[in-house]
Amino acid sequence: MNKLNYGCKDLVVVISGGTSGIGLATAAKLAGDGARVYILGRSLARGEAAVRQLAEKTGQQVVFVPCDITSAGSCKEAVIKISEYEKSLLQKQQARIDILINSAGIYAEQRLENMTEQDYGTVMDTNVKGTLLLTQACLPLMYEGGSIVNIASDAGVNGNYGCPVYCASKGAVVALTRALALDLAPAIRVNCICPADVDTPLLARQLVDANGGYTLADMAAAYPLGRIGRAEEIAHAICGVAAPANSFMTGSIITVDGGITAG
Ligand SMILES: NC(=O)c1ccc[n+]([C@@H]2O[C@H](COP(=O)([O-])OP(=O)(O)OC[C@H]3O[C@@H](n4cnc5c(N)ncnc54)[C@H](OP(=O)(O)O)[C@@H]3O)[C@@H](O)[C@H]2O)c1
């Protein structure tokens, strides 16, 4: 497929979870578009590997910034690093962030009967608190025309089997999107992409946790399109929603799910 143009050249993009899966695929598209992309995650090894992979694929130098989004201090430190980097690059007093993609998240295959308080905390801290904390840290650098895209899930819109805490966490991201769209308008648009099953390391771990209870083929059979999604397909929707030309969309919750929530 020809390279798509999202109109993000020279924009500053921060992607949590940009070192893997959907976040990494989004980083590739926006770096290829000429944006200055910062990818955030906890693992240095994963971060360095992603930077190498993105350089090979796009010819662009993407910057990895270590960050644990469950910690307010870590989010603030990451934004300070991005700000310092930008200021030195542009020889300016002030830095800006144009686009924030909140893609970092974890899945938990666990029925409520087996959930501990700690399990609840781990999922909610990452998927909900982490999204809030990183957004809060980035906001002082986001101005008129800024765009935030949160990644929730079809599980945040419809119920799913065997993952009530994950569903609750993604439902919270959907509600948070709508709330922030109101509070941050008209300067900053806030939207939410809800993918269904996508072929990423998260899904590979999910299948291991399911322990044979269902297979990839079972998953694929549930979709009107007959298959699960690819990370670049979700990334394309994220980039289209984030793009400056998409200037009248805010507070929208967009499913990208092979039709699974259409029925
Ligand atoms: N794949 C699917 O089927 C699917 C379906 C619906 C929704 N989603 C959602 O899409 C988003 C991306 O999922 P994915 O499939 O791309 O997952 P993935 O391949 O497992 O990538 C997750 C990313 O999040 C980062 N991360 C996790 N916890 C973090 C933390 N505390 N602080 C900073 N970074 C953290 C990981 O890096 P480190 O581990 O190094 O920190 C990694 O870069 C998630 O929000 C997920 O819930 C995925």
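What you see is a predicted model, and the numbers here were worked out from it, not measured in a lab.

Enquirer: Before we go on, may I ask you to explain the pattern of salt bridges in this structure?
Expert: If you walk through the whole model with that rule in mind, you get 7 salt bridges. Overlapping salt bridges, with partners in common, bring together Arg227, Arg230 and Glu233 in one network.

Enquirer: Explain the site of the ligand here, please?
Expert: If you check the shell around the ligand, you find 31 residues, and the closest are Thr19, Ser20, Arg42, Tyr166 and Thr200. Ser43 is positioned such that a nitrogen or oxygen atom in its backbone is 2.9 Å from an oxygen atom of the ligand. Counting residues per element, the ones that place at least two in the shell around the ligand are helix H1 (21-32), helix H5 (164-184) and helix H6 (201-210). The greatest single-element share of the shell around the ligand, amounting to 4 residues, is contributed by H6. Broken down by class, the residue content of the shell around the ligand amounts to 13 nonpolar, 12 polar and 6 charged.

Enquirer: Would you explain the nonpolar core in this entry?
Expert: Most often, soluble globular proteins keep nonpolar side chains buried together rather than apart. Counting residues in hydrophobic clusters, the biggest one holds 35 residues, and the most contacted among them are Val13, Val37, Ile39, Ile101, Val149, Ile193 and Ile238. Broken down by secondary-structure element, the contributors of at least two residues to this core are strand S1 (12-16), H1, strand S2 (36-41), helix H2 (44-58), strand S4 (99-102), strand S5 (146-151) and helix H8 (231-242). In terms of residue count, H8 provides more of this core than any other element does, 8 residues in total. Beyond its immediate sequence surroundings of up to four residues, Val13 is in contact with Leu30, Ala35, Arg36, Val37, Tyr38, Ile99 and Ile101. Ile69, Val79, Ile82 and Ala181 belong to the second-largest nonpolar core, a separate cluster that totals 28 residues.

Enquirer: What is the right way to read the state of the cysteines from this model?
Expert: Applying the stated criterion across every chain, the model contains 0 disulfides. Free cysteine: Cys138, not disulfide-bonded; nearest cysteine sulfur from Cys75 at 7.8 Å. With relative accessibility at 0%, the residue Cys138 sits in the buried group. Here Cys163 is not disulfide-linked; the sulfur of Cys167 is the nearest cysteine sulfur, at 3.9 Å. Residue classification places Cys163 among the buried residues on the basis of a relative accessible area of 1%.

Enquirer: What is the right way to read helix H4 (residues 117-138) from this model?
Expert: Taking 1.5 Å as the rise per residue, H4 with 22 residues should run 32 Å; its terminal C-alpha atoms sit 30 Å apart, in good agreement. By the largest-angle criterion, Asp125 marks the main kink of H4, which is about 45 degrees.

Enquirer: Would you mind going over the sheet that holds strand S3 (residues 63-66) with me for this structure?
Expert: Overall, parallel pairing links the 7 strands, which are arranged S3-S2-S1-S4-S5-S6-S9 in an open sheet. At either margin of the open sheet sits one strand with a lone partner, and together these are S3 and strand S9 (253-256). The mean angle between the axes of side-by-side strands here comes to 20 degrees, regardless of whether they run parallel or antiparallel. This element, H8, spans S4, S5, strand S6 (188-195) and S9 of the sheet and lies at about 165 degrees to S6.

Conventions adopted
Residues numbered from 1 in each chain as written. Predicted model: local features only at pLDDT ≥ 70, side-chain atom pairs only at ≥ 80, totals over all residues. Heavy atoms only, no water. Salt bridge = Lys/Arg side-chain N within 4 Å of Asp/Glu carboxyl O. Near = heavy atom within 4 Å. Polar contact = N/O pair within 3.5 Å; in protein donor to acceptor, adjacent residues only side chain to side chain. Helix = DSSP H or I, 4+ residues; strand = E, 2+ residues; numbered from the N terminus. Nonpolar A, V, L, I, M, F, W, Y, C, P; charged D, E, K, R; others polar. Core = buried A, V, L, I, M, F, W, Y, C linked by side-chain atoms within 4.5 Å. Buried < 20%, exposed > 50% of the residue type's maximum accessible area, 1.4 Å probe, protein only. Contact = heavy atoms within 4.5 Å. Disulfide = S-S within 2.5 Å. Expected span 1.5 Å × (residues − 1). Bend = angle between axes of the 7 residues up to and from the residue. Pairing = 2+ DSSP bridges. Axes fitted to C-alpha atoms, helices over the stretch in contact; angles between N-to-C directions.

The values are spatial; any link to function lies outside them.
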